[in-house]
Every structure is written in C-alpha cells, then in structure tokens.
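One letter stands for each residue in the lines below.
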Amino acid sequence: MVNSNEGMSTQTMTDQEFARFGDFIEGQCGIKMPLAKKTMLQGRLQKRLRVVGFDSYTAYADYVFSAKGKEEELYHMIDAVTTNKTDFFRESKHFDYLWDVVLPSLKNEAKTSGWKKLKCWSAGCSTGEEPYTLAMVLSNFSENNSAFNFSILATDISTKVLELAKTAIYQEEKIEPIPMNCRKKYLLRSPSKPVMRIVPELRSCMQFMRLNFMDTEYMLPDIMDIVFCRNVIIYFDRQTQENILNRICRHLVSGGYLFMGHSETLNSMNLPLRQISSSIYRRH
C-alpha cells in the first residue's frame, strides 16, 4: 500500500488479474464475468484502488480477499461492480396488470374473508424506484378501500444503493416517468435544491435489507404475496437462475404473484410457477 494517492498510476488489468476477480465475483455474487467485461471491470475498480491506496490490481486483490479486506472493502468492491439500472414505473404494463387484475381479485376475495395485509417484495430494488412505484400504486388503491394495507420489503446486494433508496431523494429528471397525479400526492419538492423526496407515508411502508441471491437461504421476515424480481437474474447462468427462483418461491405464498423482466424467460426451468401473462407468474 502506498501512503499518498498523488501521482499514482493505475496499471492495466492483466488477464490473470481479471480471472482472479471474475472467479470471485461469479462465485460470491453469481454475476457472469466473461473476458469481454475486463475493460468494464478495470474501469469500475480504478476508483477503489485510488481510494484505498493501491497501485496494482494484484495488490488490491490480495487485500480484498484477505480477512481484513473482506470485512472492510468487499462490500465496496461489490457496490462498484454491480449494475443498478432502474426507473420509476419501469415496464409499466406490470403496474397496469397489478391495478387491473391482481388488486380487483384481492378485493373480491376480501368480500368473503376480509382484508389481510398485502406483503410485497422488491428483489433487486437498486436505488428504490421500483418499490416506491409499487407503494404509489398500492396507496392509490387504498384510497377507495379503507381496510386495505400493505408492506414492502426492498432488498439488494449493494449497501450503497440501499442507503440511497432509504433517503428517498431523487433528482427532478428521475421523477419524469411518474404520473402527475402521483407526483402531487407522493413527492415533496426541496425548497433549495432540484430534488424531490418521497412522502413519509410511503417511506413508512418500506423495509430495506441487504440480500445476496447466492445465499443458500434468504432470511426474510415474511412470506410474500407479490414479488417483483425484474431484470436481475439476467446476470446469472441458467442453473443459477433456476436455483435463485426456487429460493424466491419458498418465500411466495401459494397463489402469489411473481413479476419478472420482459426480457427474462423461465422456459424449461423446474419451478412451482405457472405463467398467467407476459413475464407474470403465479405460484402453485
């Protein structure tokens, strides 16, 4: 380790160094790391080398994979290499289906059995746009269904994006996909900065938790009625995808709904699910 960042020149990552990081990242996070991603990985780790004061990827790897490094630096490395693309009302047809089909069905069931708290999980929540969108839709529904209530668990492997999601503060350009009626009800404008914040009523419905899909058990607080796991498993190989989805299904009630990304297919996987619409499934 060097004592100063001044004048530090970062070496080019060798294929051997990339293989070392790639094997670890795939084993730890499940994220596939073909050689074509070497330039991307090198670019994302350069900042971490500067922050912790190393001038080679080998020295940084020795540190990250040591007992001390796993405690102090590993989460920062994972934050640097994970992709966190998300938007409010992304793949909006899912929220239309929730509003047009799922919630009316629950309302019909409530006529005979009464309302139960709806428990939802945003798996791979990134900076929070997905779970807060879900909260807006469910809150709109509750306006005409007074006994209806809900909770949302939002998980991600990245502690960095979870901290951002907890703040519920977004730049004004990020809120453009939110319908105007929802903006008026659920967003608070900063008096001094070009940012908006989600109202406390929606923030209070949220629980944020770090979760690694590669864990053999997911220590969730509840069995879920609805799971959004969209555009997350695309980073894993096919067998790992099936293993992850089976673990998710263990936490999904019979008859519960699973929303996947439109580019993701579950064909030929051995899962306790049946498809009911494009990229939407119900548990047996």
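Residues numbered from 1 in each chain as written. Predicted model: local features only at pLDDT ≥ 70, side-chain atom pairs only at ≥ 80, totals over all residues. Heavy atoms only, no water.

*Asks:* Kindly report on the pairing of strand β2 (residues 150–156), identifying the contributing residues and their values.
*Replies:* Burial within β2 is extensive, with 6 of its 7 residues counted as buried. Bridge count for strand β1 (residues 118–123) against β2 is 6 bridges, and the pairing is parallel. Bridge pairing links S122 to A154 in β2. With helix α7 (residues 129–142) bridging β1 and the parallel β2, this β-α-β connection has right-handed handedness. The sheet contact formed by β2 and strand β6 (residues 206–210) spans 5 bridges and is parallel. (Buried < 20%, exposed > 50% of the residue type's maximum accessible area, 1.4 Å probe, protein only. Helix = DSSP H or I, 4+ residues; strand = E, 2+ residues; numbered from the N terminus. Pairing = 2+ DSSP bridges. Right-handed = clockwise from strand over helix to strand, strands pointing away.)

*Asks:* Help me get a handle on the environment of I223, residues and values and all.
*Replies:* Along the polypeptide, I223 turns up in the loop between β6 and β7 (224–229). Separated by 103 residues in the primary sequence, I223 and C120 have C-alpha atoms spaced 8.9 Å apart. When residues no more than four places from it in sequence are discounted, the contact partners of I223 are K119, R250, H251, L252 and V253. (Contact = heavy atoms within 4.5 Å.)

*Asks:* Residue-level account of the pattern of salt bridges, with values.
*Replies:* If charged atoms from side chains of opposite charge come close, those side chains can pair. In the structure shown here, the tally under the stated rule is 11 salt bridges. In this structure, the salt-bridge partner of R48 is E73, at a minimum N-O distance of 2.8 Å. Placement of R48 in helix α2 (residues 38–52) and of E73 in the loop between α4 (67–72) and α5 (74–81) is noted, with a sequence separation of 25 residues between them. The exposure class of R48 is buried, given its relative accessible area of 14%. In this structure, K166 engages E163 in a salt bridge whose closest nitrogen and oxygen atoms are separated by 3.4 Å. Of this pair, K166 and E163 both sit in helix α8 (residues 159–167), 3 residues apart, roughly one helical turn. Judged by relative accessible area, which is 45%, E163 ranks as partly exposed. Taken together, the shared-partner salt bridges in this structure form one network comprising D87, E129 and K174. (Salt bridge = Lys/Arg side-chain N within 4 Å of Asp/Glu carboxyl O.)

*Asks:* Could you give an account of the nonpolar core, with specific residues and numbers?
*Replies:* F88, L103, L118, M136, L138, I198 and I226 are the most contacted members of the largest nonpolar core, which totals 43 residues. Per element, the largest residue contribution to this core is 7 residues, and it comes from α7. One finds M209, V227, I244 and M260 within the second-largest nonpolar core, a separate group that totals 26 residues. (Core = buried A, V, L, I, M, F, W, Y, C linked by side-chain atoms within 4.5 Å.)

*Asks:* Please set out the pairing of strand β5 (residues 195–198) residue by residue, giving values where relevant.
*Replies:* By the bridge criterion, 3 bridges tie strand β3 (residues 169–171) to β5 in an arrangement that is antiparallel. Residue pairing for β5: Q171 is matched across the bridge by V195. Summarising the sheet, strand β4 (residues 187–189) and β5 pair through 3 bridges and their orientation is antiparallel. Following the sheet pairing, L188 is matched in β5 by R197.

*Asks:* Please set out the sheet that holds β5 residue by residue, giving values where relevant.
*Replies:* Taken in spatial order, the 3 strands of this open sheet run β3-β5-β4, and their pairing is antiparallel. Each edge of the open sheet carries a strand with a single partner, namely β3 and β4. Each strand of the sheet is rotated relative to its neighbour by a mean of 35°, with strand direction disregarded. (Axes fitted to C-alpha atoms, helices over the stretch in contact; angles between N-to-C directions.)

*Asks:* Now, about the layout of surface pockets: what can you tell me, with residues and values included?
*Replies:* Size it by volume and the second largest pocket reaches roughly 350 Å³. Lining the second largest pocket are 18 residues, with L106, E109, K116, L118 and D225 sitting closest to its centre. For the lining of the second largest pocket, the elements supplying multiple residues, two or more each, are α6 (93–113), β7 and β8 (252–260). With 5 residues, β8 is the largest single contributor of residues to the lining of the second largest pocket. Its residues assigned to classes, the lining of the second largest pocket shows 8 nonpolar, 5 polar and 5 charged. (1 Å grid on protein atoms, 1.4 Å probe; cavity = no way out; pocket = protein on both sides within 12 Å on 5 of 7 lines; lining within 4 Å. Points joined across faces, edges and corners; volume = space filled by probe spheres on them. Nonpolar A, V, L, I, M, F, W, Y, C, P; charged D, E, K, R; others polar.)

*Asks:* Break down unusual backbone geometry for me, with residues and values.
*Replies:* The phi dihedral of A168 is positive, around 60°, even though this residue is not glycine. Locating A168 in the fold gives a position in the loop between α8 and β3. A positive phi is found at N231, a non-glycine position, where the angle reads about 60°. Among the secondary structure elements, N231 is positioned in the loop between β7 and α11 (238–249).

*Asks:* Tell me about helix α3 (residues 57–64), and please be specific about residues and values.
*Replies:* What α3 keeps buried is the set Y57, Y60, A61, Y63 and V64. Considered in projection along α3, the buried side chains sweep an arc of 160° and stay on one side of the axis. (Arc of directions from axis to C-beta.)

*Asks:* For α11, give the residues involved together with the corresponding values.
*Replies:* The terminal C-alpha atoms of α11 lie 17 Å apart, and with 12 residues this matches the ideal 16 Å at 1.5 Å per residue to within 8%. Taken residue by residue, α11 has T240, Q241, E242, I244, L245, R247, I248 and C249 as its buried positions. Contacts made by the buried residues of α11 are with β1, β7, β8, β9 (273–277) and β10 (280–283). By the N-cap criterion, in which a side-chain oxygen at the helix start approaches the backbone nitrogen of a residue two or three places on, α11 is capped by D237, the distance to Q239 being 3.3 Å. (Expected span 1.5 Å × (residues − 1). Polar contact = N/O pair within 3.5 Å; in protein donor to acceptor, adjacent residues only side chain to side chain.)

Just distances and angles here, no functional claims.
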